[in-house]
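Below, each chain spelled out in residue letters.
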Amino acid sequence: MLSTLNSTMTNGAHMSSERTADSAGFTLVEIMIVVAIIGLLAALALPSFAKARRDARVSAQMNDLRILEDAFQLYAMENRGFPAPTWMPKLLPPGMDKYIRGDIWRQTSPSGGLYAWKRTTSVNGVTRYYISISGAVDQEVWDIMDRKIDDGLADSGKLQWGGADHACFLEQ
């Protein structure tokens, strides 16, 4: 039986050099090593989780913009033009409820802002309509989208931003 101990006497003190078979528990050093390993694994995993979360937000925002863009384009084809701009966040243009579920338009976008329908006219008279996302937009999400589906520049292309507006321009 392993219950016998190999022990020695040193200066009158009884010192055990081995564990017995019936001893239970972990030493403090063993517990500290396990905690250190778990901490190291968590530190290595957190950046991957953050990247996966950001990539999911980019995909969700790109999908929302695709759905919204298709709906406005379909409205324009069926009605010979885009609806009048509403300018107000969360306010769906009249007639668009047939093409867009209101919850997509009225909820906070995956990139963090609120949707609005706007238009702009350039100095040479060209009018362009766009889906605006304003408010607390995650710029990193917008920049990744711009690089994936556009030219990667803030002031040109389909995706643009300036000031409080992030715009997804629609082609007429």
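Starting afresh in each chain, residues are numbered from 1 along the sequence in its written order. In keeping with the model being predicted, local features are shown solely for residues with a pLDDT of at least 70 and side-chain atom pairs are shown and tallied solely at 80 or more, while totals for entire chains, interfaces and linings include all residues. The side-chain values count all of the structure's non-hydrogen atoms but skip hydrogen atoms and water molecules.

**Student:** How should I be thinking about the pattern of salt bridges in this particular structure?
**Tutor:** It is possible for side chains of opposite charge to pair when their charged atoms get near one another. Salt bridge, as applied in this entry: a Lys or Arg side-chain nitrogen positioned within 4 Å of an Asp or Glu carboxyl oxygen. Inspection of the entire model under this criterion finds 9 salt bridges. Ionic pairing is found between Lys 158 and Glu 69, a salt bridge with its closest N-O pair at 2.6 Å. Taken together, the positions of Lys 158 in the loop between helix 3 (139–149) and strand 5 (159–162) and Glu 69 in helix 1 (residues 28–79) put the pair 89 residues apart, joining distant regions of the chain. Exposed residues in this analysis have more than 50% of their type's maximum accessible area, buried residues have under 20%, and partly exposed residues fall in between, with area computed by a 1.4 Å probe over protein chains only. For Glu 69, a relative accessible area of 15% puts it in the buried group. Its salt-bridge partner being Glu 78, residue Lys 98 comes within 3.8 Å of it at the nearest N-O pair. Residue Lys 98 is located in the loop between helix 1 and helix 2 (102–106), and its partner Glu 78 is located in helix 1; the two are separated by 20 residues in the primary sequence. What makes Lys 98 exposed here is its relative accessible area of 64%. The network of salt bridges with common partners includes Lys 51, Arg 54, Asp 55 and Glu 140. Each helix is a run of DSSP H or I of at least 4 residues and each strand a run of E of at least 2, with the numbering of both proceeding from the N terminus.

**Student:** Whenever I open this one, the packing of aromatic side chains confuses me. Can you help?
**Tutor:** We describe a pair of aromatic rings using the distance from one ring centre to the other and the angle between the two ring planes. The rule is short: rings of Phe, Tyr and Trp, with Trp giving its six-membered ring, pair when the centres are within 6.5 Å, and they are stacked under 30 degrees, edge-to-face over 60, tilted in between. The final tally for this structure, using the stated rule, is 8 aromatic pairs. Measuring from centroid to centroid gives 5.6 Å for Trp 105 and Tyr 115, while their planes differ by 20°, and the two rings are stacked. With Trp 105 in helix 2 and Tyr 115 in strand 3 (residues 114–121), this pair connects stretches of sequence that are 10 residues apart. For the ring pair Tyr 130 and Phe 169, a centre distance of 4.9 Å and an interplane angle of 45° mean the geometry is tilted. Of this pair, Tyr 130 sits in strand 4 (residues 127–134) while Phe 169 is found in strand 6 (residues 165–169), placing the two residues 39 residues apart along the sequence. You'll find Tyr 130 and Phe 169 in the same group, each marked buried. Ring pairing ties together the aromatic residues Phe 72, Phe 82, Trp 105, Tyr 115, Trp 117 and Tyr 129, which thus form one cluster.

**Student:** Where do I start with the pairing of strand 4 in this structure?
**Tutor:** As a general feature of sheets, a regular strand has side chains that alternate between the two faces. The buried fraction of strand 4 is high, at 6 of 8 residues. Strands are treated as partners if at least two bridges between them are detected by DSSP. Of the strand pairs in this sheet, strand 3 and strand 4 are connected by 8 bridges, and their pairing is antiparallel. Considered in strand 4, the bridge of Leu 114 is made with Ser 134. Taken together, strand 3 and the strand that follows it, strand 4, pair antiparallel across an intervening segment of 5 residues, in which Gly 125 is found at a positive phi of about 85°. Here strand 4 pairs with strand 6 via 5 bridges, running antiparallel. Looking across to strand 6, one finds that Ser 134 is bridged to Asp 165.

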